[in-house]
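Inside the fold
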Amino acid sequence: MLRKRPLCVAVLAAAALLLLLPSGIWMKASIPEGVSPAEGLTGKVCRMESRNEGQAVYLKGTPEGCCLSDDEILLIYFDAEQPFSIGNTIRIEPPYRIWEPEAPANPGQFDARLYYQTQHITHLGSAKNASVIEGNVFWPGELLRRLRENLSIRCMRLFGETNGGVIRAMLLGDKAELGDETKNIYQKSGMSHLLAISGLHISIVGMSLYRFLRKKGCSYGISGSIGMIVVLLYGTMTGMSTSTARAVTMFVLAVLADLLGCSYDMLTALAAAALLLLIEQPLHVYSASFLLSFGAVMGVGILYPAVRSLFTAPHKLGDAFLVSLSIQIATLPLIQWFYWEFPLYSVFLNLLVIPLMGVLMFCGMGALGISFLSWQAAGVPAFLCRMILSFYESLGEGTLRLPWSVIVCGRPKYWQMFLYYGGILGFVLWRSRVKEREKWRLCMRTAKGEEAEQEEEQHYQKGRRRWEKKISLALALLLCCCLQLRFYGGFSFTMLDVGQGDGLFLRTEAGTTCLIDGGSSDVKQVGRYRILPFLKEQGVGTLDYVFITHTDKDHISGVEELLEQAGEPGGMRVGALLLSEQSAWEETGIRLRELAEAAGTDVKIIKAGMILTDKSTKLYCMHPKEGAQYTDKNAGSLVLRLSYGEFSMLLTGDLEETGEREILEWGENISCDILKAGHHGSRFSTTGEWIEKAQPKLTLISCGQDNSYGHPHEETLERLENAQSRWLLTAEQGAVTIRSDGKSFWAQGYKSKND
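Below is a summary of the structure that appears in this document. Remember, it's a predicted structure, so these values are computed and weren't measured experimentally.

Reading guide: rules and limits
Each chain has its residues counted from 1, running along the sequence as written. Where totals are concerned, whole chains, interfaces and linings use all residues; where local detail is concerned, this predicted model gives features only for residues with pLDDT of at least 70, and gives and counts side-chain atom pairs only at 80 or more. The basis for the side-chain values is all heavy atoms of the structure; hydrogens and waters are excluded. To define a nonpolar core, start from buried Ala, Val, Leu, Ile, Met, Phe, Trp, Tyr and Cys residues and group those joined through side-chain atoms within 4.5 Å. Exposure categories follow from relative accessible area, calculated using a 1.4 Å probe and restricted to protein chains: below 20% of the type maximum is buried, above 50% is exposed, and the middle band is partly exposed. Secondary structure elements are taken from DSSP: a helix is a run of H or I of four residues or more, a strand is a run of E of two residues or more, and numbering for both begins at the N terminus. By definition in these notes, contact holds between two residues if any of their heavy atoms fall within 4.5 Å. A pair of Phe, Tyr and Trp rings is counted when the ring centres sit within 6.5 Å of each other, with Trp represented by its six-membered ring. The angle between the planes then sorts it: under 30 degrees is stacked, over 60 is edge-to-face, the rest tilted. Any Lys NZ or Arg CZ that is within 6 Å of a ring centre and within 35 degrees of that ring's normal is treated as a charge sitting over the ring. Between any two strands, pairing holds if DSSP finds at least two bridges. Throughout, an axis means a line fitted to C-alpha atoms (over the contacting stretch in the case of helices), and angles, computed between N-to-C directions, take values from 0 to 180 degrees. Take the number of residues in a helix, subtract one, and multiply by 1.5 Å to get its expected span. To get the bend at a given residue, fit one axis to the seven residues ending there, fit another to the seven starting there, and take the angle between those axes. An angle below 35 degrees is treated as roughly parallel, one above 145 as roughly antiparallel, one from 65 to 115 as roughly perpendicular, and anything else as oblique. In the scheme used here, Gly and all other residues not listed as nonpolar or charged are polar, with Ala, Val, Leu, Ile, Met, Phe, Trp, Tyr, Cys and Pro taken as nonpolar and Asp, Glu, Lys and Arg as charged.

Turning next to the nonpolar core. Counting residues in hydrophobic clusters, the biggest one holds 47 residues, and the most contacted among them are Met170, Tyr186, Leu360 and Tyr392. Listing elements by their share of this core, those giving two or more residues are helix 3 (139-172), helix 5 (199-215), helix 6 (220-237), helix 7 (242-260), helix 11 (346-371) and helix 12 (375-400). If you tally residues by element for this core, the top one is helix 3, at 11 residues. Setting aside chain neighbours within four positions, we find Leu360 in contact with Ile167, Met170, Cys385, Ile388, Leu389 and Tyr392. Listed in part, the 45 residues of the second largest apolar core include Phe294, Leu322, Val428 and Leu483.

Quick look at the structure:
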């Protein structure tokens, strides 16, 4: 199959080579982080988008403003709508702020830097004021922008707030008004592809117009030219995302093939689109949108013919199921790699929603077009759109209520990806050879004209095909099982980078999972954007225990988020919440308990002397004692000593000097291999006497970069240095992971691992 398509082979080889190279080769950064020169910053407006609050303006460099090169873009946010047009050269007036998109500091964290750089956006910024210094207007782009804004307003008026946000995303690629709850339904149920401008949208817009013009008697040249121009303008207006660019390129090649009288080959067109995108930006090869978009089409073009040759569909519904199944099989490893979970029923759900997509788009576009003539007349197709969208939402919600609707699987290993796709490739090659052999044997029998032998051959083929189906199903099941295997041998401990706060994750050799604190005072929604992605990436669907050392915001804000969404599909279940006696009866502790009880989580009180143990690991609570009350929350922090064979760790929450002295007076054994420094390495914690008794080989400090508290304090670091204890900071290393075999241990920072 591929040997007849040299371009496909070349592009696959190029993509594989790019994946083996570090992405940092293609990263660009021309503006120093935190730059805010007094003279202002000049740039040319190349794109503008209205947001819920203010406006997003995309700037390219100009000869007057040399901070940006020709192929770099600065995305700057204004608090209010600005009177700019595309093509204007503007000067951003101080005060303003420029920063680089954040690179991930934790496993599973969204790579904002990669996401923006695939769009050539190297830096982000915020400003209040700017002035136009050159009024040149690029009218094609400006007219498309104004049309998009006009259509967006009409969407909200015609379809309402909720449905209008969905229609804007589906037809205009504008997700600014898409509600979180609605977005969650589409994503969790496996319908999120409907919200992206893709091949389905382009084929409906372009091919429908092209065929309509041909039926009306227009020549191939006129029909094709109009179709290509409309599709290119539509793609540009909607933002020309990766999937849109792929679909537009393939449509243009299909029309050109028709005009030239050539045969159109989908896989060759797909390879051409991939090549153009990778030449324009090599970083596309690392992005989820690129890999999933091209993977889905490859599933249709390569895997589907092989599946259909084996499982002949009796009618169109069965054929549609095989197409949906082929796409699911082709993209399953990619979905698990990027999102660590998959919607179990999405194959069946898409059989119901995709056939209605054409009707939805025609009605939506029709309603918008008619609205320019009559709002009342536009209400008829708009009503049908609302009915279809309500049907979609009901289906999504109903699917999510089914058991195992969203399965948290974690990120597969590289060898599992290679094994899976190697098995798929082997299946495709096998089916291709079988099909050729069957054609050859049938031709030979027909040429001889031996009817009896032909009947015998057909009977033989039926029996053989039954065995081939069984073998293929067994192979598919084996590959899926291999992809789901997760190996978590030994002991692992991760101190997450949550900014200024604490978040510690523990997985014992026996598989017990614990989260000790989880919060931040400077990272918004730390549970949603840092803790939960890490846990899912690790394949954790249920936390056996969550310990709260004390109830300060920087230790519980993320835990609150986890408990609030615990009952949702794909939410993180929590087996037991453990608090100290004092924390349990504080105002914030009472709220935590209420959230836990609502999520079906057991709430337990933990105090000094209690021991939690499994087959391999022991957690001993040293502090506080039963009935102890402290005016300072930090003084009442839980202190846990972890032991795994000969290896030990001491986890101290925000304990400071008073609490440390209290534990030492009790005569507790605090010796450890690794110490988690109290109170983020503050001056009044991790005292000299404490370090002398603990004798840690390594000290872990969780603190935010450039935090206002000055953590860790220089005196604390000096005390650790004098005790010959090395230290690792989340502010420098990102998440720090410790692994141990029960005797020795290994430590690695996430940032140093990915440098």
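Before going further, it helps to spend a moment on the packing of aromatic side chains. The geometry of two aromatic rings is summed up by the distance between their centres and the angle between their planes. As enumerated under the stated definition, the model contains 14 aromatic pairs in all. Measuring from ring centre to ring centre gives 5.9 Å for Phe78 and Phe84, while their planes differ by 70°; the resulting arrangement is edge-to-face. For the pair formed by Phe78 and Phe84, the shared burial category is buried. Both rings, one in Phe290 and one in Phe294, keep their centres 4.5 Å apart while their planes meet at 35°; by these two values the pair is tilted. Within this pair, Phe290 and its partner Phe294 are both found in helix 9 (residues 288-310), separated by four residues, close to a single helical turn. Among the residues examined, Phe290 registers a relative accessible area of 5% and is labelled buried. Joined through ring pairs, the aromatic side chains of Phe491, Tyr644, Phe647 and Phe745 make up one cluster. The cationic tip of Arg47 hangs over the ring face of Tyr58; the distance from NZ or CZ to the ring centre is 4.7 Å. In this structure, Lys470 packs its charged tip against the face of Trp467, placed 5.0 Å from the ring centre.

Further remarks concern the sheet that holds strand 18 (residues 674-676). Spatial ordering of the open sheet is given by 14-15-16-17-18-19-20, a layout of seven strands whose pairing is mixed. Every interior strand has two partners, whereas the edge strands, strand 14 (611-613) and strand 20 (726-729), have only one. Strand-to-strand twist in this sheet, taken as the mean axis angle between neighbours without regard to direction, amounts to 20°. Pairing of strand 16 (residues 639-644) with strand 17 (residues 647-651), which is carried by five bridges, proceeds in the antiparallel orientation. Within strand 17, the residue paired with Tyr644 across the bridge is Phe647.

Excluding glycine, a negative phi dihedral is what most residues carry, and trans is how most peptide bonds are arranged. For the peptide bond that leads from Pro94 to Pro95, omega is 0°, which places it in the cis range. The phi dihedral of Gln724 falls on the positive side, at around 60°, and the residue is not glycine.

An α-helical turn contains 3.6 residues, so a residue and the one three or four places further along point in the same direction. Between its terminal C-alpha atoms helix 11 stretches 35 Å, which fits the 38 Å expected from 26 residues at 1.5 Å a residue. Of all the bends found along helix 11, the most pronounced is centred on Met357 and spans about 35°.

Our focus in this paragraph is the packing of helix 15 (residues 526-537) against helix 16 (residues 553-564). At their nearest, the axes of helix 15 and helix 16 sit 9 Å apart, and the two run at 75° to each other. Looking at the two axes, helix 15 sits roughly perpendicular to helix 16. Contacts between helix 15 and helix 16 pair Val526, Gly527, Arg528, Ile531, Leu532 and Leu535 from the former with Ser557, Gly558, Glu561 and Leu562 from the latter. Considering only residue class, the contact of helix 15 with helix 16 consists of five nonpolar, three polar and two charged.

Remember that the coordinates give geometry; whether it matters functionally is a separate question.
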